[in-house]
Amino acid sequence: MELSLRQAIETDVVDLRRHLDGLTLERCDLEFQLEHLAEDLLLLKKNHNEEVKNLEEQLGARVHVELDMAPAVDLQKNLSDIRNEYESLMDRNLNDVEKWFFTQLSALEGTLAETEESYTSKLAEIQELINNIQADLAQMRYDLELQNHEYKILTNVKTGLEMEIATYKQLMEGEDL
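Each chain carries its own residue numbering, running from 1 in the written order of its sequence. The predicted origin of the model limits local features to residues at a pLDDT of at least 70 and limits the giving and counting of side-chain atom pairs to 80 or more, whereas totals for whole chains, interfaces and linings rest on all residues. The side-chain numbers reported here are obtained from all heavy atoms of the structure, hydrogens and water having been left aside.

J.: Summarise the overall build of the chain; cite the residues concerned and give the values.
T.: The number of helices and strands found in the chain is two helices and zero strands. For the chain, whose C-alpha radius of gyration is 52 Å, the value lies well above the compact-globule estimate of 16 Å for 177 residues. When a residue's accessible area, from a 1.4 Å probe over protein chains only, is under 20% of the maximum for its type it is buried; when over 50% it is exposed; and in between it is partly exposed. When the 177 residues of the chain are sorted by exposure, 3% land in the buried category. Surface exposure of the chain reaches about 16,000 Å², of which carbon and sulfur atoms provide 58%. Taken as two groups, the 17 positive and 39 negative side-chain charges of the chain have centres that lie 7 Å from each other. Under the DSSP-based scheme used, a helix requires at least four consecutive residues in state H or I and a strand at least two consecutive residues in state E, with every element numbered from the N terminus. With C-alpha atoms as the basis for the radius of gyration, the globule rule is written as 2.2 Å multiplied by the number of residues raised to the power 0.38. Accessible surface is estimated by sampling points in the Shrake-Rupley manner with a 1.4 Å probe; for residues, cover comes only from the protein chains shown. A positive count includes Lys and Arg, and a negative count includes Asp and Glu. His and the chain ends are not counted in either. Every charge is mapped onto a representative atom, which is NZ of Lys, CZ of Arg, CG of Asp or CD of Glu.

So, in structure tokens, the structure goes:
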């Protein structure tokens, strides 16, 4: 049971690492896209500035254009924040999995100890039963040997009596004749 639990956890860890590798690839792809977007932004700013300069030259000093633009988004910071959040999430998940694993391990060790205790108790009961049966068998063997000895004695006595009876018969028959 511990082996299957360990294999399941190892499978989960392998899956999480594969997922981590996929996310790393996605991160690299996003960084690559970020670099291209930064280059595009620089190119767009350059083109915009050139167009504004050309328009100012065409219109002269008569027109003054101001643009209200949203503040530039710091993609590196956002990417760094996402990376930090992902790493903290991975750490939390790893800690949670480790806690779960050790909790399950403690529970399984408790179950194993209870099972061992139960089987030890049952083995002690069975050993006591075997000892009682062996004692009963030993007593029966002793009783049988005693009966066999008494039987032999009685058989010898019977044989002796039969011989005496046969002798008396012979003597009685001899007197009658």
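J.: Give a description of the pattern of salt bridges that names residues and reports values.
T.: One speaks of a salt bridge when a side-chain nitrogen belonging to Lys or Arg is within 4 Å of a carboxyl oxygen belonging to Asp or Glu. Using the criterion set out here, one finds six salt bridges in the structure. Among the salt bridges present, the one from D15 reaches R18, with a minimum N-O distance of 3.2 Å. Of this pair, D15 and R18 both sit in helix α1 (residues 2-59), separated by three residues, roughly a single helical turn. Classification of D15 by relative accessible area gives partly exposed; the value is 34%. Residue E31 pairs with R27 through a salt bridge whose shortest N-O separation is 3.7 Å. In this pair, E31 and R27 are both assigned in helix α1, four residues apart and thus about one turn of the helix distant. Its relative accessible area of 24% is what places E31 among the partly exposed residues.

J.: Can you tell me about the packing of aromatic side chains, naming the residues and giving the values?
T.: By convention, a stacked pair of Phe, Tyr or Trp rings (six-membered ring in the case of Trp) has centres within 6.5 Å and planes under 30 degrees apart, an edge-to-face pair has planes over 60 apart, and any other such pair is tilted. Across all of its chains, the model carries one aromatic pair by this definition. With centroids separated by 5.3 Å and ring planes inclined at 70°, the aromatic side chains of F101 and F102 adopt a geometry described as edge-to-face. Take F102: its relative accessible area is 49%, and that puts it in the partly exposed class.

J.: Summarise a nonpolar patch on the surface; cite the residues concerned and give the values.
T.: Exposure above 30% relative accessible area and the lack of any salt bridge qualify a residue for a patch; like charges then connect within 9 Å, and the nonpolar side chains Val, Leu, Ile, Met, Phe, Trp and Tyr within 5 Å. Together, L129, I133, L137 and M140 make up a nonpolar patch on the protein surface, roughly 390 Å² of accessible area in all. The class for I133 is partly exposed, based on a relative accessible area of 43%.

J.: Before we move on, could you go through the environment of D143 and cite the residues and values that matter?
T.: For D143, the position within the fold is in helix α2 (residues 75-176). Note: C-alpha distance between D143 and L123 (20 residues apart in sequence) is 30 Å.

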